[in-house]
Amino acid sequence: MASKTSNYKAQAKKLTGKERERVLSRMSGKLPKRFINDKLSENEAIAIQLELEDEQLSEWRGKISKLRKNENKK
C-alpha cells in the first residue's frame, strides 16, 4: 500500500497550478479541515483526494458494469 500512496504523491507533484486548484476544490468531508489546519501539506491533501477519486471511480465503474449486465439480460 505504501507504493500506492507514493504513486499518488508523485501524481500530485506533477500537476500544474490550475490542476492542483481543481483537485483541492473537490475535497470534501474532513479532508479540507485537516488541510486548512496545517495537519496536511498541500501535496499530501491532493494525493489523498486523488486516491479517493480513484476509489470512487472504480466503485462507479463496477456498479455501471453490473447495471449493464442486468440490462442486457432483459
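Everything in this summary refers to the structure shown in the same document. (Residues numbered from 1 in each chain as written. Predicted model: local features only at pLDDT ≥ 70, side-chain atom pairs only at ≥ 80, totals over all residues. Heavy atoms only, no water.)

When helices and strands are counted, the chain shows four helices and zero strands. Reading the chain from its N end, one meets helices and strands in the order α-α-α-α. Against the 2.2 N^0.38 benchmark of 11 Å for 74 residues, the chain shows a C-alpha radius of gyration of 16 Å, more extended than a compact globule. Oriented by its inertia axes, the alpha-carbon framework of the chain measures out at about 50 × 25 × 25 Å. For the chain, with 74 residues in total, the buried portion stands at 23%. (Helix = DSSP H or I, 4+ residues; strand = E, 2+ residues; numbered from the N terminus. Rg over C-alpha atoms; globule rule 2.2 N^0.38 Å. Buried < 20%, exposed > 50% of the residue type's maximum accessible area, 1.4 Å probe, protein only.)

Right, let's get into unusual backbone geometry. Phi at Asp38 takes a positive value of approximately 60°, unusual for a residue other than glycine. Take Asp38: it is sitting in the loop between helix H3 (31-36) and helix H4 (42-73).

Pairs can form between side chains of opposite charge once their charged atoms are near each other. Scanning the entire structure with this criterion turns up two salt bridges. Here Arg20 and Glu42 are joined by a salt bridge, their closest N and O atoms 2.9 Å apart. Of the two residues, Arg20 is situated in helix H2 (residues 17-25) and Glu42 in helix H4; the sequence distance between them amounts to 22 residues. With relative accessibility at 15%, the residue Arg20 sits in the buried group. A salt bridge links Glu53 to Arg26; its shortest N-O distance comes to 2.6 Å. A residue pair is termed long-range when its members are at least 10 positions apart, and Glu53 in helix H4 and Arg26 in the loop between H2 and H3 qualify at 27 residues. (Salt bridge = Lys/Arg side-chain N within 4 Å of Asp/Glu carboxyl O.)

Turning to H2, a few remarks are in order. For H2, the set of buried residues is Arg20, Val23 and Leu24. Around the axis of H2, the buried residues are gathered within 100° of arc, so they sit on the same side. In this structure, H2 carries Lys18, Glu21, Arg22 and Ser25 as exposed residues pointing more than 90 degrees from its buried face. (Arc of directions from axis to C-beta.)

Mapped onto the elements of the fold, Asn43 is located in helix H4. Setting aside its immediate chain neighbours within four residues, Asn43 contacts Lys9, Ala12, Lys13 and Arg20. (Contact = heavy atoms within 4.5 Å.)

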